[in-house]
Amino acid sequence: MNSNFIKILSICLLTLGISVGASAQTRIVKGKVIADGEGIMGVSVKLKGTTRGVTTILDGTYSLQVPESGGTLVFSFIGYATVEEPIKGRSVVNVVLRSDAKTLNEVVVVGYGSQKRRDVTGAVSSISGRAVENTPVASANALLQGRAAGVQVVQNSGAPGGGVSVRIRGNTSIGASNEPLYVIDGVPVKSEDNSGLNDASSGASASMNPLASINPNDIESMEILKDASSAAIYGARAANGVVLITTKRGKAGVPTISFNAYTGISNVIKRIPTLNARQYRDFLNEANQIANRAPETFTTDSLNPYFNGDVFWQDEIFNKAQTQNYDFSVRGGREGATYAFSTNYYDQEGVVLGTRYRRLTTRFNNDFKLSSKFSLGQSLFYARGDNNRTSTGESNRSTVYFALVKAPVFPIYAPDGSYIPKDNIDRNNPIAVADLAHQSAITNRFTGNVYGQFDFNKNLFMKTSVQLDLENLKEDQFFPNTIDQSENRRGSSQTTIDNDVILEHYFSYNRDLSTNGRVSFLLGASQQLNKQERTFLVGEGSPTNDITTLNAATLARSFGTFETNYGISSIFSRANLSLLDRYLFTFNARRDASSRFGANNKVAYFPSASFGWRVSSEPFMEGINFLSDLKFRVSAGAVGNQNGIGNYTAQGAYRLGFNYNGVPGIAPATNGLANADLSWERTKDFNLGLDVGILNNRISVVLDYYNKLTTDLLLQADVPRSSGFERVLRNVGSIRNRGVEFTITSTNINSKRFNWTTTANIASNRTEVVKLNDGETELGVAGLSYSLTRVGLPVGTFYGWQAEGIYARDADNVNQVKNSNGRVFKGGDVIFKDINGDNIINDLDRTIIGDPTPDFVGGFTNTFKYKAFALSVFNQFSVGNDIYNAVRKRQNDMGGGNNPTTAALDAWKKQGDVTSFPLLERGDPRVQNGRHSSRWVEDGSYFRFKNVSLTYNLPTSFLERFKMRSMSVYAQAYNLLTFTKYSGFDPEVNTYASPLGFGVDNGVFPQSRTYTFGLNLGL
Amino acid sequence: MINNMFKRYYWVLVLLSFTFGACEKVTDQAPVSEFTQESFWKNAESAASGTAAIYDRLQTAMGSGNSNVVVHGDARADLFTLGTGGLTQASLLAVVNNDLASSNDYAAWDDYYRTILQANLVLKYVPKISDPTLTAALRDRYIGEASFVRALCYFYIVRLWGNAPLFTQPVSSPTDNFKLPKTSKEVILDTIENDLNRALTRVPAITTDFSTRLRANVAGARSLLTDVYLWRGKNQQAADMASLVINDPQVKLATRFSDMFHPVATTNPFPDPIRNNQEFIFQVHFSNLQLDQLNEISRMFLVVSNSGNHRLAPSTKLQSSFETGDTRSISTWNGDQIVKFRGSSQTINPALRFHDNNIIVYRLADIILMRAEALAKINTAQSRADAVSEYNKVRNRAFVQPAGSPSVAVPATITAASTSDEIIDAILLERMRELTAEGKRWFDLVRNNKVMTTPGVNGVSGSNELLWPIADDEIRLYNDPSFQNPGYQ
């Protein structure tokens, strides 16, 4: 280490020592701090009004020099209520700490600072790191699920390291991102999926999650800023809310060393019943016969070794998978120099063959006080993620999709033991794809925040920080022609370097007013520069399947490097005023200038104001003792979303690659018309809140109502094609979200031996599209004809024909309703509702057939503690959302010779059959029974035991013998039980990234049940 | 006190202003890997690459899945039926049956207009570039090329959709007028002639360098002008213009048809295409050796492909139209496939193809037969005799047998004594055999008003149906049902 640094440090410490030594006569106070019936280590004991303090040692005892005159001792420990105890004349001061995670003095992290919970006037939810530690998921944002009111989290798939959709108070955007801004230890980090090799051909991406690189066990707390009052300080990126993640830092005292390890087994519980080989042959033969098509050799020639399989593909593609996690951390330090070091290894095999996610992280958080005026510190984080992926949807790399639709008659292996390639009906062998198709992604991520803080006096400080968020993503693919002989052994390699540098300064002024009030000001500025560089190579024509790197390719298909940048320059400020401890005012303002905005709209302003009234502190409330807290909150403000604008969209993009006969060509893209008016999406937000604490906060309730109107939505407006352009991005649309949120936390029983607490939240959000492109009331999404966004309805409703059963006999079609092609619906055909009553089923009869937005989402956690045992049961639910089961449609719509579900066994056979499955007609050419209709829409509501864990804390006597601070063992079940009517693998599913295509199941990697066993060790 | 504090800590402000000054321009970002409308048209290189992009757009207009010369120029006529891969393609079925609706995938004119936009950008900005390395000759050439391609695209538009919006300037801002009303086809045809006359004085002549035939050239502009004159009934001008092409020293008939198109052979069923015959006047170039330079033409016809079966198959009328000894037959079709365009073989699996044939826009046989048609329509004794003589140049060549094979007598057809109508019928039949799958047949029939009288053309019952409907999207965006072509409203 730098010796100068040590010198400075020792001078500082010396200075401190001198100042202490120079004070008056002292004496010693001793004591013991007890919590949960035992002495507790690491409690900070401070003499109020001084910097003098110690922490308790292993058995909870302490000893501190205090002035002869005594004073007041302040005992604080995270997760417990702080106790202030006047010494008076005593020499022994023992205290008991009460566990209370939600005292009003709890500190809540807010943008560029922190606040006491009692002073918060916006809508902020907090999740403590303790509540989510050891959860067997890779991603930090998955941990938000069910824990905070108004935060809807959908794990898009069960793929290790896979994408997660987070919606805070609904969809505020159609064309831009709906994901919140994540700020980790003050660094606004990127959460966009940078993958360039998501399979675009299928329209569906098995998206990756950049937040998977964060170690969940490093998290001290997560704060969710939900309303404009709390989020406006993040301005043009805050429209979807802000998630602040704070990682653990060291505390002065003896080092606390922790070691956590767990291992788990995951599997997919559910199988979707499909036909076996014999049933399939009968099915397809009948279907061909009805369609007047010749029988297929693969269903008639069952002696052929290529056609005589009987494979239940789902059993082949899913396997039991192991998860392992190891954490090691050391935290500690001395007064003025603290450190927190942690490292983590996480290894999750996917339940789908050939998938795996491994992660190695290390974090170093340090804080140094160099003098009474100057301190500095850093949060450094490095992670490497190693992901073996698979595709979803109907891409040629998909495994789950093909495991569902592929006919059982095709064996996996040929008689010679080799994989059977693409079959007679163009279906790849999913096992061959899982084993042979190479698809890997390696992420290296470094996030750092180095700060210096200068305290002008006890009220005013300035903080300067330099922040870096660097992500390096390398992806490789190779597709051998053993899977599909028509493939030309194509391989791709792509490296993306995404680099953010942020420079930030702010001044913060805090002062207690004489009359029980506080005032604080914040003024700061920041600049952020993002640079993304991409290198890509696509080649094919390799002479071999054995070398998957591109040096074997004989033909370059595409290659290049690409760089793109954006910058944001911001000024932000906040003023808080607390009068008489009951009138609370907060004002925020941010000015953002973004390089993405058009020249006519370069700068955006985002103000907000909020007011809180702590009724419980009013004199007239004195004596109403059961009500420990009562606070009304009201806030209004504006936030923005700049994500929908490409870096240079406003300037009009001329792209390369329009080459002709070796001459490079450059031309405007079809959406490349410059638009100097382009600007951010603007959300105006109004929030009403109520905080109630009863019986000394044993029960606390938070209630919020909000109304958000987002205007200037960025939409691609179609323009007449005769202009040569296709679309122009404009700020035209508008969308409204309204909702209520309710959270209750209750300590039901708190006796010496038994403790039972409950926290529960429920929220309901209504989204309504108010306006789309000029003159348009509907917006479709390319490639998804069954998703529609219509004015007056939520975003991305399902759209199609209403199916109302099956005609039992020809005569049941009394009106002789025809299909658009003139064919009359007969017995065995689906009864589609003739909306306009013209007896013709055509496009005019399509209607809204489902809504993927839930009516309610929420979760509750019950924690029971009995002696050394702790049981935590976390339930989570979603009510009223529909799922479009696109993969079941593909199984059962009679196209392509797909293997149907066993529902096809009940198919209509003859006049008079009352059934729910139409007649079997291959290709469905006559009346399109398999069209996009309500047949494929299902109720996606569910209630589940998301996580159940049982922990046993080993007794002190045992710990003392081995000189340990703590030790616990636990067993956990993740996704233990799910109650749902949904027929697919799991109701928590989402295939497409666009909010317009939300809630579609197209062969997604399913969620799995995971049992884990773990050990926590503290030294 | 404030003053005192300022004195003590003024360095903080100095530090702040220094750090922000260092990256002051963070919100002014110019693209690194692409250009903007503002930054692009600056020098000779931008003129060159802006012009190259016109041809790239033309490649898409003439050879893509939704817009190509086969669907727009041949498929509505009597040459094809659906292949097994086309049976499930409702839009293609509707084209072959002339059952067109505005929802048809091929009803979009988008790709022609994208090409026109690019040509308009070159015509607008290249004259303004002040770069000394952009010589007057180069500048003229780019303007000539843009004029030629714009004329070619408008000629397709006017023949396919009739009256249509006429953009001669690019739109440059979202506030510009995107909804131009239709311009009458005669005005568009006048514009096309003006464009071509401008091109003729600016584009280079064909030289011994074959690549001159892959971009706008004098003979190509004259060929297009011949086509336009013939379409407008300006027969004398058409015949005269065709003569200029025929007399071009760099343009000669191939000795044998097979010098341009490989016949089916068992020895090597998949030879790579012949690209550089001197008969070719203007081709749109494709090559698998260059990135993304493939087209959909051979994909329409071949069983051998990555995407399954062929979509179009030769009609029995086409199959039986070839007389004994006509060498074009074996180069044109085989079984249920059109084999004229087969693309290049892949190295890994020679059965698989890169779909990269050049698209032949004009070749000499086409021009000779157009001249013959114009002369037949002039209908004097001399012109009829000249027409037959031009016709025979192409017909006789078709019967030139492979080297070493015994010669075959050319069956007798029309003579100088035949009537104008007989000669025209014979020419159209010859054009069918000669130019199948080159995107000519439908326009031949429309030009001669023979769509409704030609056997094998399905489902056209009135002259409204000679035009295509305007695609749904465009009607929706104009928000005006009357913008649709008559008969499709």
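Quick notes on the rules
Residues numbered from 1 in each chain as written. Chains lettered and ligands numbered in written order. Predicted model: local features only at pLDDT ≥ 70, side-chain atom pairs only at ≥ 80, totals over all residues. Heavy atoms only, no water. Helix = DSSP H or I, 4+ residues; strand = E, 2+ residues; numbered from the N terminus. Contact = heavy atoms within 4.5 Å. Areas by Shrake-Rupley, 256 points an atom, 1.4 Å probe, with all protein chains shown as cover. Lys, Arg positive; Asp, Glu negative; His and termini not counted. Charge placed at Lys NZ, Arg CZ, Asp CG, Glu CD. Rg over C-alpha atoms; globule rule 2.2 N^0.38 Å. Salt bridge = Lys/Arg side-chain N within 4 Å of Asp/Glu carboxyl O. Buried < 20%, exposed > 50% of the residue type's maximum accessible area, 1.4 Å probe, protein only. Nonpolar A, V, L, I, M, F, W, Y, C, P; charged D, E, K, R; others polar. Pairing = 2+ DSSP bridges. Axes fitted to C-alpha atoms, helices over the stretch in contact; angles between N-to-C directions. Expected span 1.5 Å × (residues − 1). Polar contact = N/O pair within 3.5 Å; in protein donor to acceptor, adjacent residues only side chain to side chain. Patch = residues over 30% accessible without salt bridge, like charges linked within 9 Å, V, L, I, M, F, W, Y side chains within 5 Å. Parallel < 35°, antiparallel > 145°, perpendicular 65-115°, else oblique. Left-handed = near helix turned anticlockwise from the far one by under 90°. Core = buried A, V, L, I, M, F, W, Y, C linked by side-chain atoms within 4.5 Å.

J.: I'm lost on the overall build of chain B in this one. Help?
T.: Within chain B, the secondary structure is distributed over 18 helices and eleven strands. The contacts in chain B between residues at least 6 apart in sequence include a share of 72% that link residues at least 24 apart. In the form shown here, chain B has an accessible surface area of approximately 18700 Å², with 53% of it arising from carbon and sulfur atoms. Between the averaged position of the 47 positive side-chain charges in chain B and that of its 49 negative side-chain charges there is a distance of 3 Å.

J.: Where do I start with the overall build of chain A in this structure?
T.: Summing up its helical and strand segments, chain A has ten helices and 51 strands in all. Taking 1019 residues into account, the globule formula puts the C-alpha radius of gyration at 31 Å, and chain A, at 31 Å, falls close to it. Taken along its principal axes, the extent of the C-alpha atoms in chain A is 105 × 65 × 65 Å. The long-range fraction of contacts in chain A, counting pairs at least 24 apart against all pairs at least 6 apart in sequence, stands at 70%. The averaged location of the 92 negative side-chain charges in chain A is 7 Å from the averaged location of its 103 positive side-chain charges.

J.: Got a minute to help me understand the pattern of salt bridges in this structure?
T.: Pairing is possible between side chains that carry opposite charge, provided their charged atoms lie close to one another. One pass over the full model with this rule turns up 92 salt bridges over all chains. Of the charged contacts in the structure, one is a salt bridge between A:E84 and A:K48, with a shortest N-O distance of 3.1 Å. A residue pair is termed long-range when its members are at least 10 positions apart, and A:E84 in strand β7 (residues 83-86) and A:K48 in the loop between β3 (44-47) and β4 (53-55) qualify at 36 residues. Taking relative accessible area as the criterion, A:K48 reaches 49% and is therefore assigned partly exposed. The residue B:R150 makes a salt bridge to B:D195 at a minimum N-O spacing of 2.9 Å. In this pair, B:R150 sits in helix α7 (residues 136-161) while B:D195 sits in helix α8 (residues 185-200), placing the two residues 45 residues apart along the sequence. Of the residues examined, B:D195 reaches a relative accessible area of 1% and is grouped as buried.

J.: What's the story with the interface of chain B and chain A in this structure? I'm lost.
T.: Reports often express the size of an interface as the amount of accessible area lost when the parts come together. On the chain A side, the residues contacting the 71 residues of chain B number 76 residues. Scanning the region where chain B abuts chain A turns up six salt bridges. The leading source of residues in the side of chain B that touches chain A is helix α3 (residues 44-63) of chain B, at nine residues. For the side of chain B that touches chain A, the residue count by class is 35 nonpolar, 22 polar and 14 charged. Relative to strand β1 (residues 35-36) of chain B, strand β31 (residues 653-656) of chain A is paired through two bridges, and the arrangement is antiparallel. Bridge pairing in β1(B) places A:A653 opposite B:T36.

J.: How should the sheet that holds strand β6 (residues 72-76) of chain A be read in this particular structure?
T.: Residues and elements named next belong to chain A. The strand order across the open sheet built from four strands is β4-β3-β6-β7, with neighbouring strands paired in antiparallel fashion. Edge strands, defined here as strands with exactly one partner in the open sheet, are β4 and β7. Averaged over neighbouring strand pairs, the angle between their axes works out to 20° when direction is ignored.

J.: Help me out: how do you make sense of helix α14 (residues 364-378) of chain B in this one?
T.: Each full turn of the α-helix corresponds to 3.6 residues, which orients residues three or four apart in the same direction. All names here are of chain B. Along its 15 residues, α14 runs 21 Å from first to last C-alpha, staying within 8% of the 21 Å computed at 1.5 Å per residue. Most of α14 is tucked away, with 13 of its 15 residues classed as buried. Downstream of α14 by a residue or two, N379 has a phi angle that is positive, lying close to 60°.

J.: Any chance you could explain the pairing of strand β50 (residues 966-980) of chain A here in plain terms?
T.: Residues and elements named next belong to chain A. Pairing between strand β49 (residues 942-953) and β50: eleven bridges, direction antiparallel. Across the sheet, V948 pairs through a bridge with A973, a residue of β50. Bridge count for β50 against strand β51 (residues 1009-1018) is nine bridges, and the pairing is antiparallel. Its bridge partner lying in β51, Y970 is registered against G1014.

J.: Just checking my understanding: could you explain helix α4 (residues 277-290) of chain A for this structure?
T.: Residue and element names in this part refer to chain A. In this model α4 runs 20 Å from its N-terminal to its C-terminal C-alpha over 14 residues, within 8% of the 20 Å that 1.5 Å per residue would give. Along α4, the residues classified as buried are A277, Q279, Y280, R281, F283, L284, A287 and N288. On its buried face, α4 is in contact with α5 (297-300). Taking the backbone nitrogen of R278 as reference, a side-chain oxygen 3.2 Å away marks N276 as the first, capping residue of α4.

J.: Please explain the environment of A:R888 as it appears in this structure.
T.: All names here are of chain A. Here R888 lies in helix α9 (residues 886-892). Residue classification places R888 among the buried residues on the basis of a relative accessible area of 17%. In sequence terms R888 and S983 are 95 residues apart; their C-alpha atoms lie 8.9 Å from each other. Beyond its immediate chain neighbours, meaning those up to four positions away, R888 contacts T901, R935, W936, E938 and S983. Here R935 takes part through its backbone oxygen, which lies 2.7 Å from a polar atom of the side chain of R888.

J.: Which parts of the structure should I look at to understand a nonpolar patch on the surface?
T.: Together, A:L703, A:F742, A:I762, A:F856 and A:V879 give the surface a local cluster of nonpolar side chains, amounting to about 360 Å² of exposed area. Judged by relative accessible area, which is 31%, A:I762 ranks as partly exposed.

J.: Help me understand the packing of α3(B) against α7(B) in this model?
T.: The description of two packed helices rests on the angle between their axes and on the distance between the axes. Residue and element names in this part refer to chain B. The interhelical angle for the contact between α3 and α7, taken along N-to-C directions, is 20°, at an axis separation of 10 Å. In terms of orientation, α3 lies roughly parallel with respect to α7. For the pair α3 and α7, the sense of crossing is left-handed. Facing α3, whose interface residues are A47, A48, T51, I54, Y55, L58 and M62, α7 presents Y142, E145, A146, V149, L152, C153 and Y156. Within the contact of α3 with α7, the residues separate by chemical class into twelve nonpolar, one polar and one charged.

J.: Just to check I follow, could you spell out the nonpolar core for this structure?
T.: Across soluble globular proteins, you tend to see nonpolar side chains buried next to one another. Membership of the largest hydrophobic core comes to 149 residues, with the highest contact counts inside it found for B:M62 and B:I192. Contacts of B:M62, omitting those with residues within four sequence positions, involve B:S67, B:N68, B:V69, B:L152, B:Y156, B:V284, B:I297, B:I359 and B:V361. Ranked by size, the runner-up nonpolar core spans 28 residues in total, among them A:V151, A:V153, A:V189 and A:I214.

J.: Looking at this model, I keep getting lost on the packing of helix α10 (residues 235-246) of chain B against α14(B). Mind explaining?
T.: Residue and element names in this part refer to chain B. Here α10 crosses α14 at 150°, and the two axes come no closer than 8 Å. One way to sum up the angle between α10 and α14 is to call them roughly antiparallel. Relative to α14, the crossing made by α10 is left-handed. Contacts between α10 and α14 involve N235, Q236, A238, A239, A242, S243, V245 and I246 on the former and, on the latter, L364, I367, I368, R371, A374, L375, K377 and I378. Among the residues forming the contact of α10 with α14, the class breakdown is eleven nonpolar, three polar and two charged.

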